[in-house]
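As a plain string of letters, each chain reads:
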Amino acid sequence: GTYFPNPAFKLYQNRPNDAVSPFKAMVIEAWGTALLVFMIFSFSDPSNSSVGSSKSKVAVPVLIGLTVAVIISLYAPLTQAGLNPARDFGPRLFAAMAGWGGVAIPGPRNGSWVYIVGPIIGGPLGGILYDWVVARMALI
């Protein structure tokens with residue numbers, strides 16, 4: 001599972017828990033997921049010819065991978081950049097069944113909900129933002 005703030009964050013601040021509250025962590029997760037969904041929709045749009053022809057978009061997987069790498073580089077120091085509820089909840093569930101107890105679910109600072117609620121909010125927001133910004137301009 002993932003935790004906020006990143007355990008390594010303690011090396012850089014005296015009071016790391018004050019830096020990232022549960023609400024801030026949820027907003028960071030929502031924004032990171034929204035950004036990822038926006039970029040995936042942008043890269044894979046059939047009318048986007050900048051990443052290849054409509055039948056052969058060989059650059060799309062590389063660009064999506066680079067987007068994930070950049071998002072993780074930016075947000076992992078704060079929340080470890082879960083971006084996907086399945087990426088966090090599966091390991092937490094396994095750890096809970098393996099006997100880790102409260103460290104797994106609900107986690108330190110009762111924050112396991114952050115990695116479920118944040119992406120559930122951010123994913124649709126990224127899609128809506130793509131629709132409003134890019135898809136409408138393609139129709140003009």
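Heads up: the structure comes first, above all this text.
The structure displayed is predicted, hence computed values, not measured ones.

Undergrad: How should the nonpolar core be read in this particular structure?
TA: The tendency in soluble globular proteins is for nonpolar side chains to be buried side by side. Counting 7 residues, the largest nonpolar core consists of Ile28, Leu36, Ile71, Tyr75, Ala76, Ala81 and Leu83. At 3 residues, the largest contribution of residues to this core is made by helix H3 (residues 60–79). If we skip the residues at most four places from it in the chain, leucine 36 touches Thr67, Val68, Ile71 and Leu83. The next biggest cluster of nonpolar side chains, apart from the first, holds 6 residues, and it includes Phe4, Met26, Val114 and Tyr115.

Undergrad: Just checking my understanding: could you explain a nonpolar patch on the surface for this structure?
TA: A cluster of nonpolar side chains, namely Trp113, Val117, Ile121, Leu125, Ile128, Leu129, Trp132 and Val133, defines an oily patch on the protein surface of about 690 Å² accessible area. Along the chain, valine 117 falls in helix H5 (residues 114–139).

Cut-offs applied
Residues numbered from 1 in each chain as written. Predicted model: local features only at pLDDT ≥ 70, side-chain atom pairs only at ≥ 80, totals over all residues. Heavy atoms only, no water. Core = buried A, V, L, I, M, F, W, Y, C linked by side-chain atoms within 4.5 Å. Buried < 20%, exposed > 50% of the residue type's maximum accessible area, 1.4 Å probe, protein only. Helix = DSSP H or I, 4+ residues; strand = E, 2+ residues; numbered from the N terminus. Contact = heavy atoms within 4.5 Å. Patch = residues over 30% accessible without salt bridge, like charges linked within 9 Å, V, L, I, M, F, W, Y side chains within 5 Å. Areas by Shrake-Rupley, 256 points an atom, 1.4 Å probe, with all protein chains shown as cover. Salt bridge = Lys/Arg side-chain N within 4 Å of Asp/Glu carboxyl O.

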